[in-house]
Amino acid sequence: MRADWPLNDNLPLYSGRYADIAAALGERLHRELSRDPLDGPAVHLLVPSRSAASGVARAILAHRADGFAGIYFNSPESLARRVLNLAGEYPPKLEETQRQILMKQAVQSAGHPLLTAHGMDSMIGRSHRDVRDSGASLEQLKARLADSSGRLEDRHAALLAAGRLYEEYLRALALPQPADLLERAIRLLDDGSRLPPQIVFGFYDMTGLQERLLEALRRRGLLNSIWLPIPLDGNSVPPSYAYAAGFAARVRAGGVEALATSREDATPARRSIRMQFTPREEMREICRTVRRRLDEGTRIDEIGIVSRSVDPASSRLARQYAREFGFDIQIHEERPLRSHRIGRSILRLLEITERNFPRNMVIGLLRDGLSIAPTLTAREIDRIDHATRKHQIAGGTGAELARAATGVETREQKTIPELASYTAAAGEIERITFGIPPTGTGDAWGKLLRGFALLFRPRTEQDLQAIEAIEMLSSQLESLERAELNLVSKDIVAAMQDLIVDSPPTAPAVWFGDVMTMRGRAFRHLFVFGMQEDKLPQRRVPDPLLSDRERGSAGLPLIGDGREEEELLFQLMLDAAGDEVVLSFARSDGFGKVLRPSPFLARAVEGWTVEAEEAGPRDGTLHDGGAKPAMSGPPRQDATLSPIERQIALLTTSPEQFSPSASFVRKLRLASSVGLRSSYDGYIELSERSAAEVRRRLEIVSPTWFEDFGECPQKFLFRRLLRADELEDPEHEPQINHRDKGGLDHRILERFYRETGGRLFTVDAAACSELPGDLKNELHRIVDEEFDRFDQEFPPFNRRIRDFERVSTRSNLERFILGDLEEMAASGFRPAYFEFSFGTDRHRPADHPSPVTIDLEPAGISIRGTIDRIDRKGELYYRVVDYKSGTASGHTTLGKKIDAGHKLQLALYALAASSMFDAERSRVSGTIRPIGSDRPKASHTFELGERETLLANLSLFSSSILAGHFPALPDDEGACRYCTMKLACRSRHDPEERRRMRRYKTAIELLDEGVDD
């Protein structure tokens, strides 16, 4: 049996940078460790983190490439557990998930009014942990905070009430806190418990209990040596290490002799500070420089990329640009379980019943591989997704979906199989989730999660890790059974939100991480990114329950502004660099927000000799002394070129210096063609085959086609020719879709006018404030019948909102009909036709079977459609009426808009009516009837005979379509706001094109004059 590492009677204190003390300790261990792993003394190290242990291991491996054995690394908590194990005690481990659940239950059950606020469990947990880690108990805290009469402030009483209940839960479950383990270990050490001697390495601060454990080891003579990552100079601590001065002084006050490690000058030979415009450019330039260092022969494990904190966006950028430059980065794939397909699906199963089985959750479960019968292929799921979007199926139970499918059968036969498959899948999910209890014990929830995990077949190694994480959570929940907790689904969802699926890297790669995980590591070339004011120093969040003044009086650690600790962390990053350190920051977040450089840069740059490196055209390098860096590059370009053209010339004349990506150069080339009638502007050279297809589609069209073209030709290209449109998300629309609501209003008005007949026009609308009782009852009956029919076809996702829409439709249509009757009495028009269809039999036989032909240049067109209503006065005058569900504010001055090429739908309907009824155009008019307005407005009416330019405008539009002219026409105040193509439209994202195109108010001006160069 091996002996333990021998004690050193002098108990020396070694100090220096992490890299220095790791190298010195590694060399010492190499000299004194036996070559035989099974012979010689065992070495026990007390370290603050895995990275510190990794630093020591790497230092030993530098001498022993074949490996080593006999060294044990412990954290203070694991060392305390080892002390308990040696005494025959084996306490269970308190997992973070258990701690969160118990703390949340304690906060909810404590009964204090302050504890009902959102997020109180995390605030109580933070304060309670600080109290216990300092070595104080809740009773001691109460004694220190109470006034002379023993009274406490409400926030202190809330903290103590929740903390006591939390500790009662822990005692009932026999789960010790980390502070309990440390206290018990200290007592056992004082009672003479045996423990191998320890080497304390890498600490610059400790909690109160951790320091007491260190003192207990010292009293027992169980310390071999202490290694501080602080370069002590006699009795002083450098200013940048001031945060560690208190801990260093307390360690040295224990009678430890201070010895300095022998080390050479620690200043890196190469130091620079770089500025980029955005974080994306910053990361790309770092990866470009890393590629250079690798090409120069640097080993991949000698390069590190670090920041004060790393977010997922930075990790994605680093991985993207590392792959672009041909190397890997060492990022632990700490993927949240909620973003993994199995974890995401289990969360959906827990919430889907409460949310009434939304369509997107059902489709998501099918796509994520939920095992149900029959098994659906990806293609079948896509068809189901499309069919449910098309028919506005927002969700619902199996019975509601069956009624909806029955309603669809009357309108469309080809989507019946898809809706039947969706109904069956939703019914199976309803059966699976039927047993989810509103409240349950930890054991019940654990069994439920295990059952859900069995519904998914693992495909990858990460799937197995996700299932393992769910299994661990189930075990932890089952272990809470003795606490008799009543957990709800939200508690389980919250517990799953924090689970991580960890996939460590396997291939050699450039190290990437934050400063907390870097401590103890050293690199030849270190790149520090994100040196912004908002990242370094990080802002400290004060404790709302215990102020710093109260913490000081209670003997708890202070929060303060954290400035000294941030300076220490910054210095630790600089200490980790050997030959080179590069500090970089971005001037903007890429979305318009200006970022300020970290104030620590001002101190870092003092005395630095910064080397200017090759960089992109917008990069900058800060130099010490405030002097401007020398600029080099291609000569100045021709001043007559535009800024974009000069940028292209700069990049193309000196690509070896700037090395822009191919996609970046392509974007600049495309941007330079703005306003030159190029295909990038929407002017397309149609091939013979494409031109023939466009002519074929223009043979019979809907009036809305020309209305779309008049609003924006490029919108017409996307929607009508390319057939691109936005996807519907019916589950995200609590109200009835505006198109379906319009159709519903139309059917109600059609039935009401038909069924009431001549009775309606006996009402003196001008003298009535509301419809007569019999007509009102008739309207309400029709509204209820149509809404019942609509509810069957489109099950309401939110019943309360659907009922509110039913009531509001009654009142809106009452006001509309009364105003409509008053207008008809004044004008002499009477309704003659309702939902008059021509050239189409989509829903029923057409009233006029053939399309209406309109003679245009260069080729005539035929139109088809359905007119909401046609009024007639006598036998000669006709009026085309179009209902609008809102107030139709965009249709004011309708005649002028038609002349400008806008709002052409009703004008084309009027042309069709003139042709179908053989009426002169001077005797045909059109009007908009806004259902959301009390009275019709004269500005919503036009006379067809006065639209002298209508046919010329239609000819211009037709010829432009056949010629392939589809330029964008930005209109921020009008159509662009509601355009379904706005996210794909270049004029929305290209300021140069928007500036050029904004001079044109209408498509007629744009197509007549063209675009100036």
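Cut-offs and rules
Residues numbered from 1 in each chain as written. Predicted model: local features only at pLDDT ≥ 70, side-chain atom pairs only at ≥ 80, totals over all residues. Heavy atoms only, no water. Salt bridge = Lys/Arg side-chain N within 4 Å of Asp/Glu carboxyl O. Helix = DSSP H or I, 4+ residues; strand = E, 2+ residues; numbered from the N terminus. Buried < 20%, exposed > 50% of the residue type's maximum accessible area, 1.4 Å probe, protein only. Pairing = 2+ DSSP bridges. pLDDT = per-residue confidence, 0-100. Contact = heavy atoms within 4.5 Å. Core = buried A, V, L, I, M, F, W, Y, C linked by side-chain atoms within 4.5 Å. Polar contact = N/O pair within 3.5 Å; in protein donor to acceptor, adjacent residues only side chain to side chain.

1. So, the pattern of salt bridges
Here is step 1: For the structure on display, the rule yields 77 salt bridges.
Here is step 2: Across the pair Glu785 and Arg781 runs a salt bridge whose closest N-O atoms are separated by 3.1 Å. Residue Glu785 and its partner Arg781 are located together in helix H32 (residues 773-793), separated by four residues, close to a single helical turn.
Here is step 3: Classification of Glu785 by relative accessible area gives partly exposed; the value is 35%.
Here is step 4: Taking the shortest distance from any N to any O, the salt bridge between Glu786 and Arg789 comes out at 3.6 Å. One end of the pair, Glu786, and the other, Arg789, are both in helix H32, three residues apart, so they sit about a helical turn from each other.

2. Comments concerning the pairing of strand E8 (residues 303-307)
Here is step 1: Burial analysis of E8 places five of its five residues in the buried class, the great majority of the element.
Here is step 2: In E8, alternate side chains face the same way, and those of Ile303, Ile305 and Ser307 on one face and Gly304 and Val306 on the other are all buried.
Here is step 3: Where E8 and strand E14 (residues 510-514) come together, four bridges link them in parallel fashion. Across the sheet, the residue bridging to Val306 is Gly513, located in E14.

3. Here we look at unusual backbone geometry
Here is step 1: Cis geometry is found at the peptide bond from Ala373 to Pro374, where omega equals -5°.
Here is step 2: With an omega of 5°, the peptide bond running from Leu536 to Pro537 counts as cis.
Here is step 3: Following the sequence through the fold, Pro537 ends up in the loop between strand E15 (523-528) and helix H22 (548-554).
Here is step 4: At Ala174, a residue that is not glycine, the phi angle is positive and equals roughly 55°.

4. Some thoughts on the confidence of the model for the protein
Here is step 1: In the predicted model, the protein carries a mean pLDDT of 83, and 85% of its residues have values of at least 70.
Here is step 2: Contacts of residues 609-645 to residues separated by more than four positions or lying in other chains number 63 contacts, the stretch itself having pLDDT below 50.

5. Let's talk about the environment of Asp191
Here is step 1: Note on placement: Asp191 falls in the loop between helix H8 (178-190) and strand E4 (198-201).
Here is step 2: On the basis of relative accessible area, Asp191 is assigned to the exposed category, the value being 63%.
Here is step 3: With 29 residues separating them in the primary sequence, Asp191 and Arg220 have C-alpha atoms 9.8 Å apart.

6. Thoughts on the environment of Ala394
Here is step 1: Here Ala394 is to be found in the loop between helix H15 (378-390) and helix H16 (398-409).
Here is step 2: For the pair formed by Ala394 and Asn360, sequence separation is 34 residues and the distance between their alpha carbons is 8.1 Å.
Here is step 3: Ala394 has contacts with Phe357, Pro358, Arg359, Pro730, Glu731 and Phe797, leaving out every residue within four places of it along the chain.

7. Some points on the nonpolar core
Here is step 1: Counting 78 residues, the largest nonpolar core has Ile124, Ile346, Leu350, Leu449 and Phe452 as the members making the most contacts within it.
Here is step 2: It is helix H7 (residues 154-173) that provides the largest number of residues to this core, a total of nine residues.
Here is step 3: Non-local contacts of Leu350, meaning those with residues more than four positions away in its chain, are made with Ile436, Trp445, Leu448, Leu449, Phe452, Ser489, Ile492, Val493 and Met496.
Here is step 4: Ranked by size, the runner-up nonpolar core spans 77 residues in total, among them Ile71, Ala185, Leu223 and Leu568.

8. A short note on the side chain of His156
Here is step 1: Note that His156 resides in helix H7.
Here is step 2: A distance of 3.2 Å separates a polar atom in the side chain of His156 from a polar atom in the side chain of Glu550.
Here is step 3: If we ignore the near neighbours within four places in the chain, the residues touching His156 are Leu145, Leu545, Leu546 and Glu550.

9. Examining the sheet that holds strand E18 (residues 700-701)
Here is step 1: Spatial strand order, E18-E21-E20: three strands in an open sheet with mixed pairing. Each edge of the open sheet is held by one strand with a lone partner, namely E18 and strand E20 (852-854).
Here is step 2: Judged from the three bridges that link them, E20 and strand E21 (residues 861-863) form a sheet pairing that is antiparallel. Within E21, the residue paired with Ile854 across the bridge is Ile861.

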